[in-house]
Amino acid sequence: EARKDDKGIDPSLLGNTGDDVIPDPVHMPTSTVEIFDARESVASEAGIEVLCDLLMDPLESQKRAAGEALKNLADPAVLIWVRRIVTVLLRKNKDIKTSKITQKIDNVYSVMREAREPSTFEAVAELATNILTWEPPPREEGISWRVRLELIKHIVRPHQEIFITIGRAPIVVRQLLQVIRQRQNIDCLADDRDEAVELRNVMAEAIFTFLTANFTIVSGTLRLLI
C-alpha cells in the first residue's frame, strides 16, 4: 500500500495497513454438513414394509437380500428397531378389493416354507429367532403365544423335498438351540393345547429326518435332544 507508483515508495504511508482481501476464517460462509445414516431410513416403518414386500419377490436372491436386511435390523440389542419390525409384521391390512385381512408376517412364513437355498432360509430363520428371543421393555407387550408358536413351527417344518430339508438341518438345529434358551419359548413348546401338540409332532418328524443325515448334523441334533 506504501508503494506510490512504479518509481518508488511514499515514506509517509509506511506502516499503514492496506486492504485485507483475505476472508476472515471466523466469518467465512460455510454450508451445513448433514450426516446421513441409511439404517435410519431402512429401519423406518416404510422401509421395513418395502423389505417385507420384497420377501415375496419371484427371485430368490431378492428374498435372501430382504431377509438379510430384516435380520440385521432385528438385532435384539436395538429394541426400537425390533419393535418397529414386529409392529409392521403383525399389523393387519385389509385388501380393498377382496376385503381379506393379511399380515406381513405371512411373507416370512412363506419364505421359510418355500425357500430352496439354505442361505435364503437361514436369513429369514435368523429373523424369526431374533424375534423369538427379543425381550421387550417392562410393561410393553411382546409377541402373542400363537405368533411364537407359528415362528417356531416354520423354523422346524421339513421341506417337501428331503434333500432341501437335509440342507437346512444345521441351520434349524442352530436356531433351535438359541430359541430354547428363552423361557417363553419353552413354555410354548410344553403347552398342552392342540397347536402345541402339533408343533411337537412337526419337531419330531424333523429330528428323525436329521438323524439320517451326516455325522455333523447328527451330532448337532443329539446335542439339541440332550
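Reading the values: the criteria
Residues numbered from 1 in each chain as written. Predicted model: local features only at pLDDT ≥ 70, side-chain atom pairs only at ≥ 80, totals over all residues. Heavy atoms only, no water. Salt bridge = Lys/Arg side-chain N within 4 Å of Asp/Glu carboxyl O. Helix = DSSP H or I, 4+ residues; strand = E, 2+ residues; numbered from the N terminus. Buried < 20%, exposed > 50% of the residue type's maximum accessible area, 1.4 Å probe, protein only. Polar contact = N/O pair within 3.5 Å; in protein donor to acceptor, adjacent residues only side chain to side chain. Axes fitted to C-alpha atoms, helices over the stretch in contact; angles between N-to-C directions. Parallel < 35°, antiparallel > 145°, perpendicular 65-115°, else oblique. Left-handed = near helix turned anticlockwise from the far one by under 90°. Contact = heavy atoms within 4.5 Å.

(A) Main features of the pattern of salt bridges. What the rule picks out here adds up to twelve salt bridges. Residue Lys71 pairs with Glu68 through a salt bridge whose shortest N-O separation is 2.8 Å. Of this pair, Lys71 and Glu68 are both found in helix α3 (residues 60–73), three residues apart, which corresponds to roughly one turn of the helix. According to the relative accessible area criterion, Lys71 is buried, its value standing at 15%. The exposure class assigned to Glu68 is partly exposed, which follows from its relative accessible area of 29%. Through salt bridges that share partners, Glu45, Glu49 and Arg91 make up one connected network.

(B) Representation of the side chain of Asn130 within the structure. Relative to the helices and strands, Asn130 is located in helix α6 (residues 118–132). At a separation of 3.1 Å, a polar atom in the side chain of Asn130 contacts the main-chain carbonyl oxygen of Ala74.

(C) View of unusual backbone geometry. Positive phi, close to 65°, is recorded for Ser99, a residue that is not glycine. Turning to its location among the elements, Ser99 is positioned in the loop between β3 (92–94) and β4 (101–103). Phi is positive for Arg139, close to 70°, though the residue is something other than glycine. Along the chain, Arg139 turns up in the loop between α6 and α7 (145–156).

(D) Summary view of the packing of α3 against α6. Direction vectors running N to C along α3 and α6 enclose 25°, while the axes themselves pass 8 Å from each other. By the angle between their directions, the pair α3 and α6 is classed as roughly parallel. Taken as a pair, α3 and α6 cross one another with a handedness that is left-handed. Counting all contacts with α3, which are made through Glu60, Lys63, Arg64, Gly67, Glu68, Leu70 and Lys71, the residues of α6 involved are Ser119, Thr120, Ala123, Val124, Glu126, Leu127 and Asn130.

Without other data, these values stay purely geometric and don't point to any function.
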